Structures are given as structure tokens and as C-alpha cells.
Amino acid sequence: MADLAYYLRISNHLAGNLDIKSALRSVKSEIVRILEIDHLDVCLIDEEGRLNTSYEVGLRTSWSRTRAPVEVSPVRDILRGDCDYMLTGNAPEDPRYVFEGGDYDPILKHNMRSRVNVAMKVLGRTIGSLNCSSQKLDFYDEQAVEQVRNIADILAPYFYALRANEQARREAIMRTEVQAREEGLRLGALSLTDALELERQRIGMDLHDQTLADMTRISRDLERCETPQDLDGLRSSMRNCIQGLREIIDTSIPSLLELFGFQHAVRTHLERAIDPDEGVEIDVRDLSGGMVDRLPQTKRIALFRIAQEAINNAVRHASASRIEVEIVCQDGLRLRVRDNGRSMGAIEIRQASGGLTHMRTRARLIAAQFEIRYNSGTEITVCLPASECPKTEVLA
């Protein structure tokens, strides 16, 4: 009768607990009234029967830190359905628990000698095992097996329902994350469309204000051309016009990126962006071993555009005396653009905000993290996760 009262209290303790760990903690105080234990854990297998997850109270072991294959579990015979219970008086010396390739370190580390393990079943199917351990030698007997079986029968349906609830909650979180990513990509695509339209307008204005104006002036001078010296002046003007047009094209189509690689293209853009008379120091380093040039074209161009915009902001707004661009392999592929200029004021921030938005959008569309810091200058970091980086080739 005393045990029955404990079993009823175990059922009462389960009520209101919405996760397995809390439920196990709440019933431990009643279980120890029935059976003396040093360690208590519940091992639940997944729907496919290949992996198991442990939840424990008492001693803290490695079993509850990671999911593990059923085949390495010390209670694999139960989890596979080969038997309904296991009983030992000295687990460290029992080959059922300690075997080659097995995950038995906690048994040895915490001196779990006596163990009683009972299958937890729902509708006749094994869903896991309830495991009780003592550091005493030959401590449990067949009566302990029966007691643990009664406890397992109470816990099994409740824990089965809690696990199903956890899985449903994880799936709901995953669906929400997928929907959020899809919405982010949709908004990113819209933002990029706006950015491309602004880029198209910028190119049109550059052609109108620079190239068309130069060609109009050349045409007018051509009508007044009378001497060979006039022709020489026209040739010089035409060369300047062609150079200006080439710069507009290079800004729009990163041909240098395709021909000479990321480092050269960024350095060339830096050299064109700064005034040579201002003495700005520049440093462009590729410490990735050329990994950036093995990226897919869309990712490589996106990183180049981000570098361009970061350089432009540094030149236009920061009054920097040094600008550094660096590509490194560090928890993924990282692009850093640093300058030692002054922090932007309110006006400069408003002027640069469109560029910052475009950089963030480009980073998001290639699954990269974007970060900006202001500390003795400005540092912009874009990081492609390791999973998005090309694999390094291993030469024989």
C-alpha cells in the first residue's frame, strides 16, 4: 500500500509539467522513496529507432549532452527490443554495459555499479528505458526490477506525449524560420530591385553629366576646328572622354574582377576612388588563399559591390588617412573594410544610409552576416558561413 501511495504521488507530480526534464525532476523525490538511487535517467529513442536522447537527474553525465546512436548505448538491448529489462550488480565488469565502441564512460567515471534498466512501452512498443543506478555493489534485485517497471509504466505515456509535443514545437519553429527566411529574401529582392533602379539612374546621370557633356563639347569644338593644334586638342579631349566612359563601364560591370581576381579589382577601385594628392594609405590583402575567387559568381560580385560601397563611404564621408580591405578564412569567409576616419555625423549618416541598406541587402541575399562597427574609424564585416564557402582542394 505504501508503494501505491508513492505511485499515485508520482502521477500527481507529472501534472502541469510541459517538458521532460521538468517532469523527471519533479518525480525524482517520490522515486527515491521507493528505491534508493544515485543516478536516474530516461533514455528515449527517435521514431526511426536509430538515435536516443537521455534526460537525467542526480549525477551530471555526458549522456544528456548529445543524441547518440542506439547501438552505442549501454541499454541498447532494451532499446532494440531484445529484452524488457537489464539487471547488474557491477556494471563496470558487465560486458552488456561495457563493450567496444560503447558510450559507457559515465558508468566508469561515476562508478555506477548496480543498475536496473526497464523498457518504457506505449501500446506495446518500446519508446525508451528508465534507468536507475547506485554506486553500491550488488544493490538491486528482482524486487527492484518490479518497482522500476511500475514507475516506467506510469512515466511512459506521459513522456511519450511530452516528446511528441517537443517535436511538434521544434517543427513549428523550423517552419517559422523558413517562412521568415522566405519573407526576408522577398523583401531583399524588392530592395535589390530598388537598388538596381537607383544604379541604373546613377549610370544614366553619369552618362548625361559627363560623357554626353564631353561629346557635346567635342562636337562643338570640331565645328570650329581650323588648325592642326585644334585637332590635337580634340584628340586629347576625345581620349579623356573615352577614359571617363571606361570608368563608368568598369563601375557597372566588374570586368577586372573576372579578369584579374578580387584583390586586384578592389585595389584598382580604391586607387581610382581616392585623390592621389591626399596621401591616403591603402592596403588590400587576400589571406584566404584565393578562396574568394572560387566563390560562385553571384557571391563574388556581391562581395565586390559591398567592398565598393564601403570604400566609397570611407572616401566620401570619413576623411580617412588609411583604408584597409582584407579577406580572411575565419569561421567562414570574411570580408573586412576598415578605415581610421572620423565617425559620421547626422548628415553623412543620412547620405550613406542608402548604401548601408544596399550592403545589408546584398549580404542577406547571399546568406552572409553583415556587421558595422564604429571604433576609431569604421569597420564593415561581411561573413559567409563555412557551409557557403568552396572546399579547399587537397593535392595528392
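Residues numbered from 1 in each chain as written. Predicted model: local features only at pLDDT ≥ 70, side-chain atom pairs only at ≥ 80, totals over all residues. Heavy atoms only, no water.

**Some remarks on the packing of aromatic side chains**
Per the stated rule, a full pass over the model turns up 2 aromatic pairs. A ring pair is formed by Phe139 and Tyr140, whose centres lie 5.2 Å apart and whose planes are at 65°; its orientation type is edge-to-face. Measuring from centroid to centroid gives 6.3 Å for Phe262 and Phe304, while their planes differ by 80°, and the two rings are edge-to-face. With Phe262 in helix α8 (residues 262–273) and Phe304 in helix α9 (residues 297–318), this pair connects stretches of sequence that are 42 residues apart. Note on accessibility: Phe262 and Phe304 belong to one class, buried. A cation sits over an aromatic face here: Arg76 above Phe99, 3.7 Å from the ring centre. (Phe/Tyr/Trp six-rings, centres within 6.5 Å; stacked < 30°, edge-to-face > 60°. Helix = DSSP H or I, 4+ residues; strand = E, 2+ residues; numbered from the N terminus. Buried < 20%, exposed > 50% of the residue type's maximum accessible area, 1.4 Å probe, protein only. Lys NZ or Arg CZ within 6 Å of the ring centre and 35° of its normal.)

**What about the sheet that holds strand β2 (residues 51–58)?**
The antiparallel open sheet is built from 6 strands, whose spatial order is β3-β2-β1-β6-β5-β4. Looking at the sheet topology across the chains shown, the edges are occupied by β3 (68–69) and β4 (85–88). Bridge analysis of β2 against β3 gives 2 bridges, and the strand direction is antiparallel. Paired with Asn52 across the two strands is Ala68, which belongs to β3. Contacts from helix α2 (residues 20–34) reach β1 (39–45) and β2 within the one sheet, and its direction differs from that of β2 by about 45°. (Pairing = 2+ DSSP bridges. Contact = heavy atoms within 4.5 Å. Axes fitted to C-alpha atoms, helices over the stretch in contact; angles between N-to-C directions.)

**Let's talk about the confidence of the model for the protein**
Taken as a whole, the protein shows an average pLDDT of 80; of its residues, 79% reach a score of 70 or greater. At the low end of the mean pLDDT range in the protein sits helix α1 (residues 2–14), at 61; at the high end sits β4, at 95. Per-residue pLDDT stays below 50 along residues 345–352; that stretch engages in 7 contacts with residues further than four places along the chain or on separate chains. Every residue in residues 392–396 scores below 50 in pLDDT, and together they form 2 contacts with partners more than four places removed in sequence or on other chains. (pLDDT = per-residue confidence, 0-100.)

**Remarks on a positive patch on the surface**
On the surface, a cluster of positive charge is made up of Lys21, Arg25, Arg60, Arg65 and Lys109. Tracing the chain through its elements places Arg25 in helix α2. (Patch = residues over 30% accessible without salt bridge, like charges linked within 9 Å, V, L, I, M, F, W, Y side chains within 5 Å. Areas by Shrake-Rupley, 256 points an atom, 1.4 Å probe, with all protein chains shown as cover. Salt bridge = Lys/Arg side-chain N within 4 Å of Asp/Glu carboxyl O. Lys, Arg positive; Asp, Glu negative; His and termini not counted. Charge placed at Lys NZ, Arg CZ, Asp CG, Glu CD.)

**Details of α9**
Because an α-helix completes one turn every 3.6 residues, residues spaced three or four positions apart along the sequence face the same direction. Over its 22 residues, α9 runs 30 Å from end to end, which matches the ideal 32 Å to within 8%, given 1.5 Å per residue. For α9, a buried count of 16 out of 22 residues is recorded, marking the element as mostly surrounded by other parts of the structure. In the segment just after α9, Ser319 is the residue with positive phi, at about 50°. (Expected span 1.5 Å × (residues − 1).)

**So, the environment of Ile31**
Its location among the elements puts Ile31 in helix α2. With relative accessibility at 0%, the residue Ile31 sits in the buried group. Between the C-alpha atom of Ile31 and that of Cys132, which follows or precedes it by 101 residues, the distance is 9.9 Å.

**Concerning the pairing of strand β7 (residues 281–286)**
As defined by bridge partners, β7 adjoins strand β8 (residues 322–329) across 6 bridges and the pair is classed as parallel. The residue bridging Asp286 from the neighbouring strand is Ile327, located in β8. Taking the sense of rotation as the criterion, the β-α-β connection linking β7, α9 and β8 turns out left-handed. (Right-handed = clockwise from strand over helix to strand, strands pointing away.)

**Some remarks on the side chain of Ser129**
As for its placement among the helices and strands, Ser129 is situated in strand β6 (residues 125–134). Taking relative accessible area as the criterion, Ser129 reaches 0% and is therefore assigned buried. At a separation of 3.0 Å, a polar atom in the side chain of Ser129 contacts the side chain of Asn131. In this structure, Ser129 is in contact with Asp41, Val42, Cys43, Val75, Ile78, Leu79, Val118, Ala119 and Met120, ignoring residues within four places of it in sequence. (Polar contact = N/O pair within 3.5 Å; in protein donor to acceptor, adjacent residues only side chain to side chain.)

**Section: the pattern of salt bridges**
Applying the stated criterion across every chain yields a total of 20 salt bridges. Two residues, Glu281 and Arg322, come together in a salt bridge whose shortest N-O distance is 2.9 Å. Of this pair, Glu281 sits in strand β7 while Arg322 sits in strand β8, and the two are 41 residues apart along the sequence. The salt bridge partner of Glu379 is Arg338, with a shortest N-O separation of 3.8 Å. One end of the pair, Glu379, is in strand β11 (residues 378–384); the other, Arg338, is in strand β9 (residues 333–339), with 41 residues separating them in the sequence. A single network of salt bridges, built from pairs that share partners, joins Glu281, Asp283, Arg285, Arg322, Glu324, Glu326, Arg336, Arg338 and Glu379.

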